[in-house]
Amino acid sequence: MFKAIRDFLVLSNIWIGLAAATLTIANNQIILCMDTQLYSYAAMVYAFTVACYSWIRYVGIREISKENTSASLQKLSTYKLPFLLWSIAHTVIGFVLLAQQSMPRIVLVGIAGVLGFFYLLPIRNAQNINSGIRRIPFLKIGIVALAWTLICGVGAYAVSFPILVRPQDIAVVIFTFLFIYGLTFAFDIRDISWDKNQHLKTMASSIGIEKAKRFSIWILVVYLLAGFALYVYIPCYANYKDFFASYRLASYVAVLFGGIGSILIIKDLKEDSPEHYYGFGLDGMIIIQSVVSALVLNFDRFFP
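To keep things clear, this report deals only with the structure shown in the data block. (Residues numbered from 1 in each chain as written. Predicted model: local features only at pLDDT ≥ 70, side-chain atom pairs only at ≥ 80, totals over all residues. Heavy atoms only, no water.)

## What to know about helix α5 (residues 80-98)
Alright, step 1. The end-to-end C-alpha separation of α5 is 27 Å, in line with the 27 Å expected for 19 residues at 1.5 Å each.
Alright, step 2. All of the buried residues in α5 are Phe83, Ser87, His90, Gly94, Leu97 and Leu98. Buried residues of α5, viewed axially, fall in a sector of 105 degrees; they line one side. In α5, the exposed positions angled more than 90 degrees off the buried face are occupied by Leu81 and Leu85. (Helix = DSSP H or I, 4+ residues; strand = E, 2+ residues; numbered from the N terminus. Expected span 1.5 Å × (residues − 1). Buried < 20%, exposed > 50% of the residue type's maximum accessible area, 1.4 Å probe, protein only. Arc of directions from axis to C-beta.)

This is the structure in structure tokens:
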């Protein structure tokens, strides 16, 4: 039963949608941004994340070469029509919720959407190989990390024009980028055979699995150290007392959950590791970190 539920959450992209939504909420609450549209925005982030990754999977289903299709896509190929309808439904829901958002967030979603569209666009060149901006060497990870940072990091505080950028806002954006970049780097290990067959040059396919794992782990170590440095950075207390009252030791423990948990998963990854190690395990670290952070920040409300 658990395996069936786990596989459904991963293959339907519900799990990664929840990861994006909970990360957005946690980032907003860490920086103490007053936002009456937060949960509407988080719901939109969930819908568009599910839609984006579902379209990516659907394009994979339609690949001509079966040897380039991962095990998860082979399972989904049996349900092409329901999965297409699932992708369309979440796209429509995302746009309905987008219409309710503030203009800065609409602009951010537009930028991320353009990146996602050209990343996904399956243009075929003369050699019958998929093209697009993901063909640019070593850019694949950066595109994904940037899109997540725009939506879950910048979008967490960009509620109106002019956008007020405070030190804590910059810190959250940097943290989000480092965390997602480290995790996305690990996902390249899963995709290494696919990328090679598609002649897609990534860091993992260029430097090898073991070096890619070490690089990913070091990115996450930097993420953990940056979180600790922020926690002990006392000089900012004078001007940003509220922020540092929210980013307390318990908040850093939430960061430790996500960072250390991800490192423990990544160090044991192999090219043939089961799909749930990535989709359920690493995406689950985003959810665990975000939920723990939200519980910590709202402890007084939940337990008066």
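There's plenty left to go through after this.
## Focus on the packing of aromatic side chains
Each aromatic ring pair is described using two quantities: the centre-to-centre distance and the angle formed by the ring planes.
Alright, step 1. Under the defined criterion, the tally for this structure stands at seven aromatic pairs.
Alright, step 2. An angle of 85 degrees between the planes, with centres 6.1 Å apart, marks the rings of Phe175 and Tyr223 as edge-to-face. Taken as a pair, Phe175 in helix α8 (residues 167-190) and Tyr223 in helix α11 (residues 209-231) lie far apart in primary sequence, 48 residues in all. As far as the burial class goes, Phe175 and Tyr223 line up, both buried.
Alright, step 3. Across from the ring centre of Tyr41, 4.2 Å away, lies the NZ or CZ of Arg105, which sits over that ring. (Phe/Tyr/Trp six-rings, centres within 6.5 Å; stacked < 30°, edge-to-face > 60°. Lys NZ or Arg CZ within 6 Å of the ring centre and 35° of its normal.)

## Description of the packing of helix α2 (residues 14-30) against α8
Alright, step 1. Between α2 and α8, the shortest axis-to-axis distance is 11 Å and the interhelical angle comes to 150 degrees. One finds that α2 runs roughly antiparallel with respect to α8. Between α2 and α8 the crossing geometry is right-handed. On the side of α2, the interface is formed by Leu23, Asn27 and Ile30, while α8 contributes Val172, Thr176 and Ile180.
Alright, step 2. Counted by class, the contact of α2 with α8 contains four nonpolar, two polar and no charged residues. (Axes fitted to C-alpha atoms, helices over the stretch in contact; angles between N-to-C directions. Parallel < 35°, antiparallel > 145°, perpendicular 65-115°, else oblique. Left-handed = near helix turned anticlockwise from the far one by under 90°. Contact = heavy atoms within 4.5 Å. Nonpolar A, V, L, I, M, F, W, Y, C, P; charged D, E, K, R; others polar.)

## Focus: helix α7 (residues 140-153)
Alright, step 1. With 14 residues, α7 should cover 20 Å at 1.5 Å per step; its first-to-last C-alpha distance of 19 Å lies within 8% of that length.
Alright, step 2. Most of α7 sits out of view: 12 of its 14 residues are buried.
Alright, step 3. Considered for burial, the residues of α7 that qualify are Lys140, Ile141, Ile143, Val144, Ala145, Ala147, Trp148, Thr149, Leu150, Ile151, Cys152 and Gly153.

## Concerning the environment of Leu220
Alright, step 1. Mapped onto the secondary structure, Leu220 falls in helix α11.
Alright, step 2. With relative accessibility at 0%, the residue Leu220 sits in the buried group.
Alright, step 3. Residues Leu220 and Ile180 lie 40 residues apart in sequence; the distance between their C-alpha atoms is 9.1 Å.
Alright, step 4. Setting aside anything within four residues of it in sequence, one finds Leu220 in contact with Phe179, Gly182, Leu183, Gly259, Ser262, Ile263 and Ile266.

Read these as geometric descriptors, not functional statements.
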